[in-house]
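Residue-level structure breakdown
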Amino acid sequence: PRPPPSVEARRARSLPDAPRPFERANTSLRPMPTEEPEHEPEHEPERQIGDEIAGLASLSPPGIRLTKHCRHSRPHGCFLSVDADGAEIKWTTRKRNSAEAKLKVDEIIDVKLGQATPVFSRYGNANKVDLCFSILTRFRTLDLECASRKTRDNLVAAIDFLRSHSEL
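The shown structure was predicted, so the numbers you read here are calculated from the model rather than taken from an experiment.

Here is what the cut-offs are and how they apply
- Residues numbered from 1 in each chain as written.
- Predicted model: local features only at pLDDT ≥ 70, side-chain atom pairs only at ≥ 80, totals over all residues.
- Heavy atoms only, no water.
- Helix = DSSP H or I, 4+ residues; strand = E, 2+ residues; numbered from the N terminus.
- Buried < 20%, exposed > 50% of the residue type's maximum accessible area, 1.4 Å probe, protein only.
- Contact = heavy atoms within 4.5 Å.
- Areas by Shrake-Rupley, 256 points an atom, 1.4 Å probe, with all protein chains shown as cover.
- Pairing = 2+ DSSP bridges.
- Axes fitted to C-alpha atoms, helices over the stretch in contact; angles between N-to-C directions.
- Core = buried A, V, L, I, M, F, W, Y, C linked by side-chain atoms within 4.5 Å.
- pLDDT = per-residue confidence, 0-100.
- Polar contact = N/O pair within 3.5 Å; in protein donor to acceptor, adjacent residues only side chain to side chain.
- Arc of directions from axis to C-beta.

1. A few points about the overall build of the chain
Of regular secondary structure, the chain possesses 4 helices and 9 strands. In the chain, which comprises 168 residues, the proportion classed as buried is 34%. Across the chain, every contact between residues at least 6 apart in sequence was considered, and the portion connecting residues at least 24 apart equals 42%. About 11,600 Å² of surface is accessible on the chain, with carbon and sulfur atoms providing 52% of the total.

Spelled out as structure tokens, the structure:
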């Protein structure tokens with residue numbers, strides 16, 4: 001008698017052309033690399049109605065955990081939030097209750113998608129371009145990396161929303 005086929009063999013027979021979102025290796029699940037065309041120029045993502053709302057909700061205190069890229073140190077975790085008035089973006093280092101740094105929303109000149117600043121050239125990872133964005137002001141940049149592209153798009157939409165309403 002033949003042994004029963006493995007789960008993967010059954011899956012392969014039932015869906016031969018279906019993409020496999022995860023591969024099993026060393027007992028950990030890792031996302032499979034997606035086949036994307038060569039790097040196309042970064043363009044403004046098409047926004048959905050709820051992107052600003054989702055981004056603002058994640059920025060409400062205590063904030064959202066992101067990776068902050070710095071000019072003089074390695075990338076590290078931070079919590080990004082917006083104050084109750086929507087006038088300042090705040091971030092803390094590593095812990096929610098640590099010292100805060102602030103950036104006034106009306107000082108923001110632009111929000112760039114991808115790894116478009118010199119800070120990312122130091123520790124940036126080419127595989128994570130779709131997860132990164134930079135907030136540019138006249139005097140500094142705030143370079144951030146999100147856990148997912150959707151989170152990045154929501155945060156950028158929320159920051160653009162705050163910028164457009166701070167000018168009123």
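2. Describing the sheet that holds strand S6 (residues 100-104)
Pairing is antiparallel in the open sheet, where 7 strands are placed in the order S6-S5-S4-S3-S9-S8-S7. The two strands at the open ends of the sheet, each matched to only one other strand, are S6 and strand S7 (108-113). When the angles between neighbouring strand axes are averaged without regard to direction, this sheet yields 35 degrees. Its contacts with the sheet place helix H2 (residues 51-59) against strand S3 (64-69) and strand S4 (76-82), and it is angled at close to 110 degrees to S4. Along the sheet, helix H4 (residues 149-166) contacts S3, S4, strand S5 (88-93), S7 and strand S8 (132-137); its crossing angle with S7, the most-contacted strand, is approximately 160 degrees.

3. Describing the pairing of strand S9 (residues 141-145)
The side chains of a regular strand alternate, first on one face of the sheet and then on the other. Taken across its 5 residues, S9 has 5 buried, putting it largely inside the fold. Side chains of S9 alternate between two faces, with Thr141, Asp143 and Glu145 and Leu142 and Leu144 buried alike. With 3 bridges connecting them, S3 and S9 associate as antiparallel partners. In the strand pairing of S9, Thr67 is matched with Glu145. Direction of pairing for S8 relative to S9: antiparallel, over a ladder of 5 bridges. Bridge pairing in S9 links Ser134 to Asp143.

4. Notes on the nonpolar core
Of all hydrophobic cores here, the largest spans 23 residues; its most connected members are Leu66, Leu80, Phe133, Ile135 and Leu144. Elements with a minimum of two residues in this core: S3, S4, S5, S7, S8, S9 and H4. Considering every element that reaches this core, the biggest residue donor is H4, with 5 residues. When neighbours within four sequence positions are excluded, Leu80 is seen to be in contact with Ser58, Leu59, Gly63, Ile64, Leu66, Ile89, Lys90, Trp91, Leu142 and Leu144.

5. What to know about the confidence of the model for the chain
Detailed reading of the predicted model is not advised wherever pLDDT is low. Summary statistics for the chain give a mean pLDDT of 75 and a share of 67% for residues scoring 70 or more. Low pLDDT, under 50, characterises residues 14-43; the stretch is placed with 24 contacts to residues that sit more than four places away or in other chains.

6. Brief notes about the environment of Glu145
Assignment of secondary structure puts Glu145 in strand S9. Note: C-alpha distance between Glu145 and Cys132 (13 residues apart in sequence) is 4.3 Å. Among the polar contacts listed, one links the side chain of Glu145 to the side chain of His69, at a separation of 2.9 Å. At a separation of 3.3 Å, a polar atom in the side chain of Glu145 contacts the side chain of Lys128.

7. Thoughts on H2
Of all the residues in H2, the buried ones are Asp51, Gly55 and Leu59. The buried residues of H2 occupy an angular sector of 65 degrees when projected down its axis, which confines them to one face. Exposed side chains of H2 directed beyond 90 degrees from the buried face belong to Ile53 and Ala57. Looking at the buried side of H2, the elements it contacts are S3, S4 and H4.

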